[in-house]
Amino acid sequence: MRTDLERFFSPKSIAIIGASQDFITISGQPLKHLVSHGYTGKLYPVNPKYAEVLGHQSYPAIAALPEAPDLALILINAARVPDILRQCGEKGVPYVVIFSSGFSETGEAGAAIQRELMAIAERYNIGVIGPNCQGMMNVADKVWAGFGSVFFTPDFPAGGVSMVSQSGGFGFSVLALASLDGGLAFRQMVTTGNEIGVTSLDFLDYFIRDPGTDIIVSYLEGARDVRRFPEIGDRALAAGKPILMWKVGNTEEGQVAAASHTANLGGAMALYKSVFAQKGIIQIDDIQDMVDYGRMFRCGRLPAGNRIAMITVSGGAGILMTDECVSRGMKLAKLSPVTEAKLKEIVPSFGSIANPVDVTAGIFNDLALINRALTAIVEDPGVDCIALLNASLQGEIATKIAREIIAVAGTTDKPIACAWSARDVMAADAYALLDEARIPHYKSPVRCGRAFAAMSWYAEARRRNDGSCRSARISAHIETAQTGGRIMPVKIRKLKGGRVRVSTPGGVKAKGTTMAKAKRQARLLRA
């Protein structure tokens, strides 16, 4: 199976097989969208009915193309796809997207054609995406190779989120909502349909190594290669790239729907949940979860632990968020006596210096109150992250409060986020400042609490994985270290203070304080 997916997402040339001059139809849209969104590579429409399409020469057959394109888009009926795919293989096309439906999702007759496609793809080493999919979009490089209402959008901002979805229409609608309404910009989006070739897990694996991807999202109905999840989870944790997993088809009825949609079998949800929990894969249940968690991770910080402190202008908001955070595994930080003493000098007597710290409406009389209270809490070693619950502060006061928050956030690496319920139009300048500083803000304390809990859970998974991966990397290196011209088995044992000990069956031992030293010592050991 091909793994050079960089070539798929950034093709230098694309053939559109079955291209139409009716740009509203499925076969007419991909070429139109590639042209209108500024694709800079070579475009080769393939359709014997036309001499040209959108100013591009149209070719009668794939064999007539002047070169083997990096990507071919197949937009013809299911019965003709095997022959066209075979022609792509003979031409040397590395990647093909099959948009056509009518395969295993329709019954045995379609399944037989799908098996033929799989055999052809294997014979010619073609990376097939689909069939029964809606294409892909590389926002960063302006490769809009697909169809649907979302493709008529003038443009999307480029960001660091990459997503693979087994559902085409739904997947692209997620991209549109997250980008335009949620403020979470995408880098790449691909839909995989029936997955006869390149699978969702192949794309997850690619996103992990893609330097432009920071956050990974997946809409998954089911996976045939589910055993790869643990290794993919470990690699994503090591790379510091959260995977937000939208696993559907979890009920018996949902699995039936998935089988008729993309022919993917859902499988036992308990198995998926177990793997997700072990490997730090964050399960989401709604578009709002994806946007909220993504915005939290976009801040680029992770808490050192699960202890959260809150500063609120509304006692009720503090209770709401406390319930949400604690029910999801976080702890309300116990403020130190030093911190409480500082707060006692700042917070009005009718407020509260206990966590959640209630500064009350006193901030209207003293806007610097937020700065001083936040500074005191940030400096507390028993606090890992901080939430500010600003109720519906708006207008000029909101803008000034935002600046105070940003000033303190610049002095620490602890995550800071806000629950701020003012309408966008009433606190536009404040929200813009927070966005620029990458300080997440949410319309409700519950949403803010959920996002913090997801980040805290992920951070714990990373800490857990760092230890196990470090040990595994050292062990793997040592056990295959060449000593004296042969492979020699070597054992490793962790010692106090982060040191390691390596030893051979002959009893030779060495200690190292770092992985690099352990590697060097492994080479020096002799039986």
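All of these numbers come straight from a predicted model, not from anything done at the bench.

(A) Inspection of the sheet that holds strand E6 (residues 95–98) at higher detail. The strand order E2-E1-E5-E6-E7 describes an open sheet built from 5 strands, whose pairing is parallel. The open sheet has two free edges, formed respectively by strand E2 (42–46) and strand E7 (127–129), since each of these has just one partner strand. When the angles between neighbouring strand axes are averaged without regard to direction, this sheet yields 20°. Summarising the sheet, strand E1 (residues 13–17) and E2 pair through 5 bridges and their orientation is parallel. Bridge assignment links isoleucine 14 to a residue of E2, and that residue is leucine 43.

(B) Quick peek at the sheet that holds strand E14 (residues 282–283). The 7 strands lie next to each other as E9-E8-E11-E10-E12-E13-E14, forming an open sheet whose pairing is mixed. Each edge of the open sheet carries a strand with a single partner, namely strand E9 (143–146) and E14. The strands touched by helix H6 (residues 200–209) are strand E10 (158–165), strand E11 (186–191), strand E12 (215–220) and strand E13 (243–247); relative to E10, the strand with the most contacts, the crossing angle is about 160°.

(C) A look at the pattern of salt bridges. In this structure the tally under the stated criterion is 22 salt bridges. A salt bridge links arginine 447 to aspartate 292; the nearest nitrogen and oxygen atoms lie 2.9 Å apart. With a gap of 155 residues between them, arginine 447 in helix H16 (residues 445–479) and aspartate 292 in helix H10 (residues 287–297) connect regions that are remote in the sequence. When the shortest N-O distance is used, the salt bridge between aspartate 384 and arginine 307 registers 2.8 Å. Taken as a pair, aspartate 384 in the loop between helix H13 (368–378) and strand E18 (385–389) and arginine 307 in strand E15 (residues 307–312) lie far apart in primary sequence, 77 residues in all. Overall, arginine 307 belongs to the partly exposed group, its relative accessible area being 32%. Among the charged side chains, a salt-bridge network with shared partners connects Glu6, Asp205, Arg209, Glu231 and Arg235.

(D) Focus on the nonpolar core. With 52 residues, the main nonpolar core has Met137, Leu244, Met290, Ile308, Met321 and Phe452 as its most contacted residues. If you tally residues by element for this core, the top one is H16, at 8 residues. Non-local contacts of isoleucine 308, meaning those with residues more than four positions away in its chain, are made with Met321, Cys325, Met330, Lys331, Leu332, Ala333, Asn355, Cys385, Ala387 and Phe452.

(E) Quick look at helix H14 (residues 395–409). An ideal rise of 1.5 Å per residue puts 21 Å on 15 residues; H14 measures up with 21 Å between its terminal C-alpha atoms. Of the positions making up H14, those classed as buried are Ala398, Thr399, Ile401, Ala402, Ile405, Val408 and Ala409. Close packing links the buried residues of H14 with H13, E18, strand E19 (416–419) and helix H15 (428–436).

(F) Expanded view of the pairing of E19. Burial along E19 is two-sided: Ile416 and Cys418 facing one way and Ala417 and Ala419 facing the other are all buried. Pairing of E18 with E19 involves 4 bridges; the strand directions are parallel. Residue pairing across strands places leucine 388 opposite cysteine 418, the latter belonging to E19. Note that the unit made of E18, H14 and E19 has a crossover that is right-handed. Inspection of the sheet shows E19 paired to strand E20 (residues 441–442) by 2 bridges, in the parallel sense. Opposite alanine 419, over in E20, you have tyrosine 442 as the bridge partner.

(G) Seen up close, the packing of aromatic side chains. Applying the stated rule across the entire model yields 21 aromatic pairs. Here phenylalanine 8 and phenylalanine 9 contribute two aromatic rings whose centre-to-centre distance is 5.0 Å and whose plane-to-plane angle is 70°, an arrangement assigned as edge-to-face. For phenylalanine 8, a relative accessible area of 0% translates into the label buried. On the accessibility criterion, phenylalanine 9 (0% relative accessible area) is buried. Between phenylalanine 151 and phenylalanine 172 the ring centres are 4.8 Å apart and the planes differ by 65°, which places this aromatic pair in the edge-to-face class. Note that phenylalanine 151 is positioned in the loop between E9 and E10 and phenylalanine 172 in helix H5 (residues 168–181), a separation of 21 residues in sequence. Here phenylalanine 151 matches phenylalanine 172 in class, with each residue buried. An aromatic cluster is present here, built from Phe8, Phe9, Tyr95, Phe203, Tyr206 and Phe207 joined pairwise through their rings.

(H) Representation of the environment of serine 179. Mapping serine 179 onto the fold places it in helix H5. Spatially, the C-alpha atom of serine 179 lies 9.0 Å from that of valine 291, the residues being 112 residues apart in sequence. For serine 179, the contacting residues outside a window of four places in its chain are Phe156, Pro157, Leu184, Ala185 and Phe186.

(I) Up close: the packing of H6 against helix H7 (residues 229–239). Between H6 and H7, the shortest axis-to-axis distance is 9 Å and the interhelical angle comes to 20°. Classified by the angle their axes make, H6 and H7 are roughly parallel. Considering only the axes of H6 and H7, their crossing is left-handed. Residues Leu201, Leu204, Asp205, Ile208 and Arg209 of H6 touch H7, and the partners they reach there are Phe229, Glu231, Ile232, Arg235, Ala236 and Ala239. Here the residues of the contact of H6 with H7 sort into 7 nonpolar, no polar and 4 charged.

(J) Region of the structure containing the packing of H5 against H10. Relative to each other, H5 and H10 sit at 45°, their axes nearing to 10 Å. Between H5 and H10, the angle is such that the two are oblique. Judged by the sense of rotation from one axis to the other, the crossing of H5 with H10 is right-handed. Here H5 contributes Phe170, Val174, Leu177 and Ala178 to the contact with H10, which in turn contributes Ile287, Met290 and Val291. In terms of residue class, the contact of H5 with H10 is built from 7 nonpolar, no polar and no charged.

Conventions and cut-offs
- Residues numbered from 1 in each chain as written.
- Predicted model: local features only at pLDDT ≥ 70, side-chain atom pairs only at ≥ 80, totals over all residues.
- Heavy atoms only, no water.
- Pairing = 2+ DSSP bridges.
- Helix = DSSP H or I, 4+ residues; strand = E, 2+ residues; numbered from the N terminus.
- Axes fitted to C-alpha atoms, helices over the stretch in contact; angles between N-to-C directions.
- Contact = heavy atoms within 4.5 Å.
- Salt bridge = Lys/Arg side-chain N within 4 Å of Asp/Glu carboxyl O.
- Buried < 20%, exposed > 50% of the residue type's maximum accessible area, 1.4 Å probe, protein only.
- Core = buried A, V, L, I, M, F, W, Y, C linked by side-chain atoms within 4.5 Å.
- Expected span 1.5 Å × (residues − 1).
- Right-handed = clockwise from strand over helix to strand, strands pointing away.
- Phe/Tyr/Trp six-rings, centres within 6.5 Å; stacked < 30°, edge-to-face > 60°.
- Parallel < 35°, antiparallel > 145°, perpendicular 65-115°, else oblique.
- Left-handed = near helix turned anticlockwise from the far one by under 90°.
- Nonpolar A, V, L, I, M, F, W, Y, C, P; charged D, E, K, R; others polar.

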